[in-house]
Every structure is written in structure tokens, then in C-alpha cells.
Amino acid sequence: MTLNVALIAETFERAKLENGGLQTLGLRFYQRLFEKYPGVKHLFNTPPEEQHKKLMASVGAIVASVTQPEKMLPYLHAMGIRHLEYKTENAHYPAVQENLVAVLAEHLSAEGEWTEEMAENWNAALKVISDIMVEAADKPEAYQQELLDAGYLPNGFRVADPKPWEMVGV
Ligand code: HEM
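Note that the coordinates shown come from a computational prediction; the quantities given were computed from them, not determined experimentally. (Residues numbered from 1 in each chain as written. Predicted model: local features only at pLDDT ≥ 70, side-chain atom pairs only at ≥ 80, totals over all residues.)

S.K.: Give me the site of the ligand: which residues, what numbers.
M.R.: What surrounds the ligand is a group of 23 residues, the closest being Asn-45, Thr-46, Ser-58, His-92 and Trp-165. Elements with a contribution of two residues or more to the shell around the ligand: helix H3 (48-64), helix H4 (69-85), helix H5 (93-109) and helix H6 (116-138). A breakdown of the residues in the shell around the ligand according to their chemical character gives 13 nonpolar, eight polar and two charged. (Near = placed C-beta within 6 Å. Helix = DSSP H or I, 4+ residues; strand = E, 2+ residues; numbered from the N terminus. Nonpolar A, V, L, I, M, F, W, Y, C, P; charged D, E, K, R; others polar.)

Structure below.
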């Protein structure tokens with residue numbers, strides 16, 4: 001399917017404004033993730049109150065740059081490789097996708113409309129993102145030059161940068 005990028009951006013803008021905004025959405029994301037997928041809870045060391053800000057900043061950066069793949073690819077490859085350090089497994093990606101779409105649906109239904117078209121587009125976009133991250137996590141050695149050129153270390157982190165989830169130049 002062709003992604004409806006405008007619809008994804010529009011729903012994310014609504015998520016910022018409705019039902020308590022990204023803080024409510026982000027905290028709910030981890031609450032539901034740990035309830036529904038208790039097996040991944042031990043991977044997370046950062047408290048949800050901090051972690052949700054990173055996730056939302058990252059999703060925001062991805063949404064903002066979805067029409068500029070040249071910026072997005074090194075960012076997503078680095079993020080996939082960083083997730084190896086967090087002991088993430090490929091099989092966890094569908095769970096995170098399911099969870100994000102479910103909490104978005106809940107969040108946007110509180111004050112407005114959530115449609116099947118929105119669900120399809122978010123699912124498709126998150127699948128593309130997950131596939132790009134997993135591809136790099138499966139073969140980190142194939143992405144070393146790209147990471148270096150984009151200012152990342154071989155493990156996907158950036159030198160002296162405590163916020164690798166923020167995308168430079170967006
Ligand atoms: C769409 C896919 C995903 C996105 C956009 C995403 C985003 C992020 C971001 C922005 C961070 C903050 C640290 C950093 O940037 O390196 C992070 C950390 C983390 N992510 Fe993900 N992630 C995704 C998939 C997953 C999956 C599938 C898992 C598996 C359960 C996972 C587990 C973790 C863990 C354990 C951390 C470190 C938490 C800590 O600091 O304690 N992520 N993720």
C-alpha cells in the first residue's frame with residue numbers, strides 16, 4: 001500500500017493535543033506494553049516517566065522526516081543497531097507495533113475519531129520502520145560506513161551525545 005503520510009502526520013499532531021497529549025500516550029504505551037507483554041519488562045531500566053519522552057521524540061522525528069529517507073535511513077539503522085545493546089529481539093518488533101497502534105487508537109478515540117484507515121497507515125509505517133531497524137540489527141557490519149558518515153559510532157550511539165534518539169537536521 002502507498003502510505004498516507006499526511007494522515008500519519010495529522011494523527012500524530014492530534015495525539016499531541018488530545019487526551020493529555022504525548023505524556024498520557026507515552027506513559028500508557030509502557031503501561032500496556034508491560035501488561036500485555038510482561039516478558040519484555042526486564043529489558044527496560046529507564047523509568048517509564050523518562051523513557052516515554054525518548055520514544056515520543058523518536059516517533060515525532062520519524063514522522064517529521066518520513067518524506068526525507070536520506071535522513072531517516074542512517075538514523076533508523078543506528079537505532080536498530082543500538083537496540084542490540086538493549087537485548088531487543090527481532091520477534092519483539094510486532095509486539096511494539098501492535099502496542100503503539102493500540103494505544104494510539106485508545107488515545108485518539110477519547111476525544112475524536114480513530115478510523116480503520118488510520119490503523120492501516122500506522123501499522124504499515126511502523127512495519128517499514130521496524131524492518132529497517134531489524135535489517136541493520138541483523139547485519140551491523142554492513143552499515144558501519146554509513147553510520148560513520150552520519151556521525152554514529154559502530155554501536156549506533158553518537159560520541160558525547162546523550163540524546164541519540166533526536167534526529168539531527170530535521
Ligand atoms: C518502532 C520501533 C522502535 C522505536 C522507534 C524505538 C525507540 C526507542 C528509543 C528512541 C529509545 C531510547 C534510546 C535510544 O534512542 O537508543 C529506545 C530504547 C529502548 N527500546 Fe526501543 N524502539 C523500538 C522498538 C523496540 C522494541 C521492539 C523493543 C523490544 C522490547 C525495544 C526495547 C527498548 C529498550 C529495552 C530500550 C532501552 C530502555 C532503557 O534505557 O532502559 N524497542 N527505543
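S.K.: Requested: an account of the confidence of the model for the protein, with residues and values cited.
M.R.: On average, the protein scores 93 in pLDDT, and the residues at 70 or more come to 98%. Within the protein, the lowest mean pLDDT, 92, falls on H3, and the highest, 98, falls on H5. (pLDDT = per-residue confidence, 0-100.)

S.K.: Please set out the packing of helix H1 (residues 5-17) against H6 residue by residue, giving values where relevant.
M.R.: Axis separation between H1 and H6 bottoms out at 10 Å; the angle between their running directions is 100 degrees. By the angle class used here, H1 and H6 are roughly perpendicular. Of the residues in H6, those in contact with Leu-7, Ile-8 and Thr-11 of H1 are Glu-117, Met-118, Asn-121, Trp-122 and Ala-125. Classifying every residue of the contact of H1 with H6 by side-chain character gives five nonpolar, two polar and one charged. (Axes fitted to C-alpha atoms, helices over the stretch in contact; angles between N-to-C directions. Parallel < 35°, antiparallel > 145°, perpendicular 65-115°, else oblique. Contact = placed C-beta atoms within 7 Å.)

S.K.: Give a detailed account of unusual backbone geometry, specifying residues and quantitative values.
M.R.: Backbone geometry follows two general trends: most residues other than glycine have a negative phi, and most peptide bonds adopt the trans configuration. A positive phi angle, close to 55 degrees, is found at Asn-19, a residue other than glycine. Summarising the element assignment, Asn-19 is placed in the loop between H1 and helix H2 (21-36). We classify Asn-19 as partly exposed; it has 16 C-beta atoms within 10 Å. Even without a glycine there, the phi angle at Lys-87 is positive, about 65 degrees. (Buried ≥ 20, exposed ≤ 12 C-beta atoms within 10 Å, placed from the backbone.)

S.K.: Hey, could you go over H5 for me, with residue numbers and the actual values?
M.R.: In this model H5 runs 24 Å from its N-terminal to its C-terminal C-alpha over 17 residues, within 8% of the 24 Å that 1.5 Å per residue would give. Inspection of H5 places Tyr-93, Asn-99, Val-103, Leu-104, His-107 and Leu-108 among the buried residues, and these make up the whole buried set. Looking straight down H5, one finds its buried side chains confined to an arc of 150 degrees; they lie on one side. (Expected span 1.5 Å × (residues − 1). Arc of directions from axis to C-beta.)

S.K.: Give me the lowdown on the nonpolar core, citing residues and values where you can.
M.R.: Formed by 31 residues in total, the largest nonpolar core has its most connected members in Ala-15, Tyr-75, Leu-76, Ala-78, Ile-129 and Met-133. Among the secondary structure elements, those contributing two or more residues to this core are H1, H2, H3, H4, H5 and H6. A per-element tally of this core places H6 first, with eight residues. (Core = buried A, V, L, I, M, F, W, Y, C linked by C-beta atoms within 7 Å.)

S.K.: Describe the environment of Leu-33, and please don't skip the residues or the numbers.
M.R.: Considering the arrangement of structural elements, one finds Leu-33 in helix H2. Overall, Leu-33 belongs to the buried group, with 22 C-beta atoms counted inside 10 Å. With 14 residues separating them along the chain, Leu-33 and Pro-47 place their C-alpha atoms 14 Å apart. Setting aside residues up to four positions removed in sequence, Leu-33 forms contacts with Val-40 and Asn-99.

S.K.: Can you tell me about the environment of Leu-148, naming the residues and giving the values?
M.R.: By secondary structure assignment, the location of Leu-148 is in helix H7 (residues 144-149). Separated by 70 residues in sequence, Leu-148 and Ala-78 have C-alpha atoms that sit 9.9 Å apart.

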